[in-house]
Amino acid sequence: MLLLLAFSACKKDNTIPDTDDDDDEIAVKEDTIKDSVFYYSKMLSLWQDYLPPRNLDDIDDAELVRSYTKNYETAEEVLEWLKGLTKSGSTGKNYDWYSFLDRQGVVSGEIQDAVATSFGMYVFYLQTESSGSNADLYIRMVDYKSPAYNAGIRRGTRVISINGDTKIDYDSQSAQDFKKINEYLSASSLQIEFVKPDGTVEKKDVGSVKYNLDPVLDHRVIALDGKKVGYLAFSSFVSTLSNQGTTTAMYNRFEEIFNGFESQGINELVVDLRYNGGGAVVTSEYLADRIAPSSADKKLMYEYKTNSLLEGWGWLEPDSAFGPVYYRKRGSLEVPRVYFIVSSSTASASELLINSLKPYMEVKLLSTFSVGNDGQVVAEKTYGKPVGFFGLPIVEDDIELYVTSFKTQNADGESDYFEGLEVDGNVWEYNSFEDFGDQDESMLAAVLNHIRSGSFDMSPSSLIAARSGRAQPSKARAVTKIVQGHFRNGMYKFPKAGLTF
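Thresholds, definitions, all that
- Residues numbered from 1 in each chain as written.
- Predicted model: local features only at pLDDT ≥ 70, side-chain atom pairs only at ≥ 80, totals over all residues.
- Heavy atoms only, no water.
- Pairing = 2+ DSSP bridges.
- Helix = DSSP H or I, 4+ residues; strand = E, 2+ residues; numbered from the N terminus.
- Salt bridge = Lys/Arg side-chain N within 4 Å of Asp/Glu carboxyl O.
- Buried < 20%, exposed > 50% of the residue type's maximum accessible area, 1.4 Å probe, protein only.
- Axes fitted to C-alpha atoms, helices over the stretch in contact; angles between N-to-C directions.

In this section: the pairing of strand E6 (residues 189-195). Judged from the 4 bridges that link them, strand E5 (residues 158-162) and E6 form a sheet pairing that is antiparallel. The residue of E6 that forms the bridge with Ser161 is Glu193. Pairing of E6 with strand E7 (residues 201-207), which is carried by 7 bridges, proceeds in the antiparallel orientation. Paired with Phe194 across the strands is Glu202, a residue of E7. As consecutive antiparallel partners, E6 and E7 are separated by 5 residues, and within that stretch Gly199 has a phi angle of approximately 95°, a positive value.

Let us look at the pattern of salt bridges. Following the criterion strictly, the structure yields 27 salt bridges and no others. Residues Asp31 and Arg66 are paired through a salt bridge, measuring 3.9 Å at the closest nitrogen-oxygen approach. Note that Asp31 is positioned in helix H2 (residues 22-44) and Arg66 in helix H3 (residues 62-69), a separation of 35 residues in sequence. Owing to a relative accessible area of 23%, Asp31 belongs among the partly exposed residues under this scheme. By relative accessible area, Arg66 is classed as partly exposed at 32%. Notably, a salt bridge pairs Asp35 with Arg66, separated by 2.5 Å at the nearest N-O pair. Taken as a pair, Asp35 in helix H2 and Arg66 in helix H3 lie far apart in primary sequence, 31 residues in all.

Attention now goes to helix H12 (residues 349-357). In terms of burial, H12 is largely enclosed, as 9 of its 9 residues are buried. Here H12 has its buried residues at Ala349, Ser350, Glu351, Leu352, Leu353, Ile354, Asn355, Ser356 and Leu357.

This part takes up the pairing of strand E9 (residues 216-224). Regular strands place their side chains on alternate faces of the sheet. Sheet topology note: the E9/strand E10 (residues 227-234) ladder contains 8 bridges and is antiparallel. Within E10, the position partnered with Val221 by the bridge is Gly230. The hairpin turn running from E9 into E10, its antiparallel successor, is 2 residues long, and Asp225 in that turn takes a positive phi close to 50°.

We now examine the sheet that holds strand E1 (residues 100-102). With antiparallel pairing, 3 strands are arranged side by side in an open sheet as E1-E20-E19. What marks the edges here is a single partner per strand, and that holds for E1 and strand E19 (391-394). Sheet twist, expressed as the mean angle between neighbouring strand axes with direction ignored, is 30°. Here E1 runs beside strand E20 (residues 396-402); their pairing, made up of 3 bridges, is antiparallel. Looking at the pairing, Asp102 lines up with Glu400 of E20.

Turning our attention to unusual backbone geometry. With omega at -5°, the peptide bond leading from Pro52 into Pro53 counts as cis. Assignment of secondary structure puts Pro53 in the loop between H2 and H3. Although it is not a glycine, Lys145 adopts a positive phi angle of roughly 60°. Positive phi values are uncommon outside glycine, yet Val395 reaches one of about 70°. Among the secondary structure elements, Val395 is positioned in the loop between E19 and E20.

Now the structure itself:
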């Protein structure tokens, strides 16, 4: 531990030598960042044994560290090289393809401070009757009161053009490896022409600016055959605790929602995490305490696993930052089971919540189908990310390294779901492309059908027609090459007050 603290002080407080050459100063700073990335990756990585040097004691040799990093121009290149060393012998894939360097402090801003800088809209390609074998660009989610939301853009909106360019369909963009659409989505502003779900065509200028992030997409109580069904959809595990340990606006938001569920006496609970890539583990813990039955109180929720070095330092001991986590039941909610609506975008802290509840209550998972870039239909499971990180400032406070440092497992010892959590059923999400919480929306309709009949089956003949008449066999294209800057994906352990790294 002393070794880590000593290196931390050296690296973070390292003074860049004065020089008249700005390029030299930048190069010296980048060298320091590269060395720090190498050092901390070796010390903290869950897959430490895959990384050089073989003798851990040699990591304190600055010249040795530089001998490994000198051939790379940037710290990101060093990190990608290190991740590439963690290959599985059975699959040939990297164990670690999660670690990253955040040079702007975006993660702590979005997850901890609940602010984001983006358009606030998330696009995908959807194949419909009118598009034939091609696919058009649609909006699948919009952050509440984001720039896109304020411009009137909503889930279900079809994008006609961006900056006057109408060649944004799947076939046109696929031919250029989605280069142009990525340029548009990474710009500071754009002009978007779109068709609203009601058929209205509008054109708006939208800027990528800072806004307060409210991840709640919808919450309501649905009356269903004499039952009351609580429904909650949210897109990110924004932290319920501040860095100072005080409760946040996100905590108050969830308190209001769950207090409402309790006061209305819900009999069933549906939590929609289909686009939720995770966030703060403390928020996952809060929600587990709210959802779990009272019989789980004081029992193990989950525990951490780290590399042997960190375990030897006592980081996994009770009452430490990475000690076992136990249930502390909140509120009076008692439901016989919980339904989770998921997809391959459901990751990390979302999966932690689901996995932590499984030993103590009935958990049902409904996912969607999609169409891969090869045209094959995929029955999606969850993303498969039982690992996470904490942010470590290096060289400057705004430069944070997130090394994959821990894995979580539930009370039954279930942990290695790297291929995704198994689901209980799959339906086509876009057969009825309605907004979150609408009972005609395909996935919610399937869950409500299961509550009624015990079956998720929603064949086209039994699917309730959408009010707008858009119900049709629609297939979402899984386009992994559209890059939308979003750091919410992950499982983040923010250090408790007074904990120094």
